[in-house]
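# Close look at the chain arrangement
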Amino acid sequence: MKTIDHIYINGKFVKPRGNEVHNLINPTTKEIIGQVTLGNVKDTQDAIAAAKEAFKTFSKTTVEERGQMLQRLHDVIMANSDALVLAAVEEYGAPIGATTARLHFAAKNFLYNKEVMEEYEFVKYIGKAKVVLEPLGVIGLITPWNANYTHISTKLAPAIAAGCTVVIKASELSTIQTQLLTECFHEAGIPAGVINFVNGRGDVVGSELTRHPDVAMISFTGSTQVGKIIARDATETMTRLTLELGGKSPSIILDDADFSKAIPLAVMTGFSNSGQACHAGTRLIVPEGRLEEVKNLVKKTVESIKVGNPLENGTFIGPMVSQKQYDTVQRYIKLGIEEGAELVIGGEGNPEGLEHGYFVKPTVFANVTMDMSIAKEEIFGPVLSILTFKTEEEAVDIANNTIYGLSAYISTSNLEKANHIASQIVSGRVLINGLHDEPKAPFGGFKQSGIGREFGAYGLEAYVEPKTILGYDTPEI
Ligand code: NAD
């Protein structure tokens, strides 16, 4: 049993004033593995005050000084990688292979941002003006449970690079992971008050961060529903916002693709992070005349996927993070059947022998139409929908027929066609023939998938504010 009864303010681990206690549960076994004492509004205000005070000096540090800090943050996370990975497996249920890769990415984020910062022009000249890109101030970082280390580093690294100070509010479901990560930040010797961390509920700590006049910006990753609450709460103080929200991403498989590779790839993309991924390609859009072949390949692929203990090598799908998430996934599977979709594989209940945890059956529906809830709404679990098209124009229409616009996937052997379709897709990222990544290219959503971008120079830019100085070279009136 772990007892987490400290938050991190002004370089010290301190007891929170809040006294609400929350149980921490291992989703693989449903056992209580710890308890956390949650911070309250006053704790949040103390953390904001510490960040505000630290900003006075931190905002004046040099690129070189901040570069050394980013390097140290990377090094210390890598030095503690085994413990961090195990905590994510235990607390979140993420399969160990993918968790290790994500942890390495989270550490690398600090180095990518170091490079971006070193190349970034913090002073520009535009005609007669000198334009200074100044650090924004205190930033509130609010993150979800599905990739805790990645989300925190994706926000913290550009904040440090820009010269901002932060208060982190991670998900209550990621407390053990965030506690370990905060210990790493402490070990990295970052000046007191630059990084502060408060455990707590979204509608208490998150809400106070959003409304507080001394917080210049909220960088949020989470559901579209909570993103809308944050956007409303931020209006009063004109708090800047970066919102990384939900998705219902399409995987378009064209007739000329090699289906023996494209269909397994599309299924694995849809099930990535046990289906709990914002960018998961959860709508497979396939040629109508090839539906039977697609269903057979989907079945074969799903049967080959290992669902089970996230600690075992080779496991691709672990448990859902919580009872709530398990119930949500079960509800959508039931709804898909009730709405008349054809169950290709999977269904309600736990996979056989996995009744002890929040495990669900990887499930795929065919004959799905865009008016069905399973086609429109983000499920955030391993549940995929197959939709069919007659023409490529129709495939694009189906892909764009959503309130979301985070990611899209295209498989075809005709690259010209792929790029033409990519230009018509309304989405922040389009991946052609594979799961490519470029950590310095922007990531974010069109439409209700968000506002703003993360990663690279676009990500850094969210943490600075341009100040135009005219007459900077005028010695006297
Ligand atoms: P969530 O929106 O329920 O919670 C996210 C965070 O917001 C948590 O820390 C929560 O405590 C906090 N919060 C809740 N209410 C709040 C309020 N009123 N004010 C301020 N903060 C509040 O999301 P979740 O269930 O933790 O994560 C799953 C969601 O995250 C999915 O919708 C998924 O698509 C989204 N997500 C998006 C991306 C992306 O990059 N676009 C990445 C990962 C996850």
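Residues numbered from 1 in each chain as written. Predicted model: local features only at pLDDT ≥ 70, side-chain atom pairs only at ≥ 80, totals over all residues. Heavy atoms only, no water.

Looking now at the domain arrangement of the protein chain. Each domain of the protein chain was delimited in the assignment, giving domain 1 (2–245 + 445–469) and domain 2 (250–432). Distance between the C-alpha centres of domain 1 and domain 2: 31 Å. For the pair domain 1 and domain 2, the summed buried area comes to about 2400 Å², and 59% of that belongs to carbon and sulfur atoms. Linking domain 1 to domain 2 there are zero salt bridges. Connecting domain 1 to domain 2 are 13 residue pairs in polar contact (both at pLDDT 80 or more). At the level of secondary structure, the elements contributing two or more residues to the side of domain 1 that touches domain 2 comprise α3 (81–92) and α4 (96–119). (Domains from an automatic or database assignment. Buried area = accessible area lost by both parts, 1.4 Å probe. Salt bridge = Lys/Arg side-chain N within 4 Å of Asp/Glu carboxyl O. Polar contact = N/O pair within 3.5 Å; in protein donor to acceptor, adjacent residues only side chain to side chain. Helix = DSSP H or I, 4+ residues; strand = E, 2+ residues; numbered from the N terminus.)

Let us now look at the sheet that holds strand β6 (residues 123–126). Spatially, three strands are ordered β6-β7-β21 in an open sheet, and the strand pairing comes out antiparallel. In this open sheet, the two strands that pair with only one neighbour each are β6 and β21 (464–470). Put simply, the sheet's adjacent strands are angled 30° from each other on average, direction ignored. Relative to β21, strand β7 (residues 129–135) runs antiparallel, the two sharing seven bridges. Residue lysine 130 lies in a different strand from β21, and its bridge partner there is isoleucine 469. (Pairing = 2+ DSSP bridges. Axes fitted to C-alpha atoms, helices over the stretch in contact; angles between N-to-C directions.)

Now for the packing of helix α2 (residues 63–79) against helix α6 (residues 175–187). Put simply, α2 and α6 touch, their axes get as near as 9 Å, and they point 130° apart. Looking at the two axes, α2 sits oblique to α6. For the element pair α2 and α6, the recorded crossing hand is right-handed. Along its contact with α2, which presents Leu73, Val76 and Ile77, the element α6 presents Leu181, Cys184, Phe185 and Glu187. Of the residues that constitute the contact of α2 with α6, the class distribution is six nonpolar, no polar and one charged. (Parallel < 35°, antiparallel > 145°, perpendicular 65-115°, else oblique. Left-handed = near helix turned anticlockwise from the far one by under 90°. Contact = heavy atoms within 4.5 Å. Nonpolar A, V, L, I, M, F, W, Y, C, P; charged D, E, K, R; others polar.)

Between α3 and α6, the least distance of the axes is 8 Å, while the angle of their chain directions is 165°. Taken together, the axes of α3 and α6 are roughly antiparallel relative to one another. Seen along the crossing, α3 lies across α6 with a hand that is left-handed. Residues Ala83, Leu84, Ala87, Ala88, Glu91 and Tyr92 of α3 form the contact with α6, whose participating residues are Thr175, Ile176, Gln177, Leu180, Leu181 and Cys184. Taken together, the residues that form the contact of α3 with α6 break down as nine nonpolar, two polar and one charged.

Looking now at the environment of valine 344. Relative to the assigned elements, valine 344 resides in strand β15 (residues 342–345). Put simply, valine 344 and isoleucine 386 are 42 residues apart on the chain and 9.5 Å apart in space, counted from C-alpha to C-alpha. Dropping the residues within four chain positions of it, valine 344 is found in contact with Lys295, Val298, Lys299, Val364, Phe365 and Ala366.

With that out of the way, let us pick up the environment of leucine 136. Examined against the element boundaries, leucine 136 turns out to sit in the loop between β7 and β8 (138–142). Residues leucine 136 and aspartate 397, 261 residues apart in the sequence, show an inter-C-alpha distance of 40 Å. Ignoring anything within four residues of it in the chain, the contact list for leucine 136 reads Phe55, Cys164, Ala216, Met217, Arg240, Ala462, Tyr463, Val464 and Glu465.

One broad rule of soluble globular proteins: the nonpolar side chains tend to lie buried together. Among the nonpolar cores identified, the biggest contains 59 residues, and Ile77, Phe185 and Ile195 are the most heavily contacted of them. Sorting elements by how many residues they give to this core places helix α5 (residues 148–162) first, with eight residues. Residues Tyr358, Ile374, Ala375 and Ile379 belong to the second largest nonpolar core, which totals 32 residues. (Core = buried A, V, L, I, M, F, W, Y, C linked by side-chain atoms within 4.5 Å. Buried < 20%, exposed > 50% of the residue type's maximum accessible area, 1.4 Å probe, protein only.)

Turning our attention to the pairing of strand β11 (residues 215–221). Of all seven residues that make up β11, seven are buried, and the element is covered over most of its length. Two strands pair when backbone bridges link them, and β8 and β11 are joined in this way by five bridges, in the parallel orientation. Counted as the bridge partner of isoleucine 142 is phenylalanine 220 from β11. Relative to strand β12 (residues 240–244), β11 is paired through five bridges, and the arrangement is parallel. Bridge pairing links serine 219 to threonine 242 in β12.

Pairing is mixed across the open sheet formed by three strands, whose spatial order is β1-β5-β4. Two strands close off the open sheet at either side, each with one partner strand: β1 (2–4) and β4 (21–26). The mean inter-strand angle of the sheet, taken between neighbouring strand axes irrespective of direction, is 25°. In this sheet, strand β5 (residues 31–37) lies alongside β1 in parallel orientation, the contact comprising three bridges. Bridging across to β5, lysine 2 finds its partner in glycine 34. Sitting on the sheet, α3 touches β1, β4 and β5, and the angle it makes with β4 is about 100°. Docked against the sheet, α6 engages β1, β4 and β5, running at close to 70° with respect to β1.

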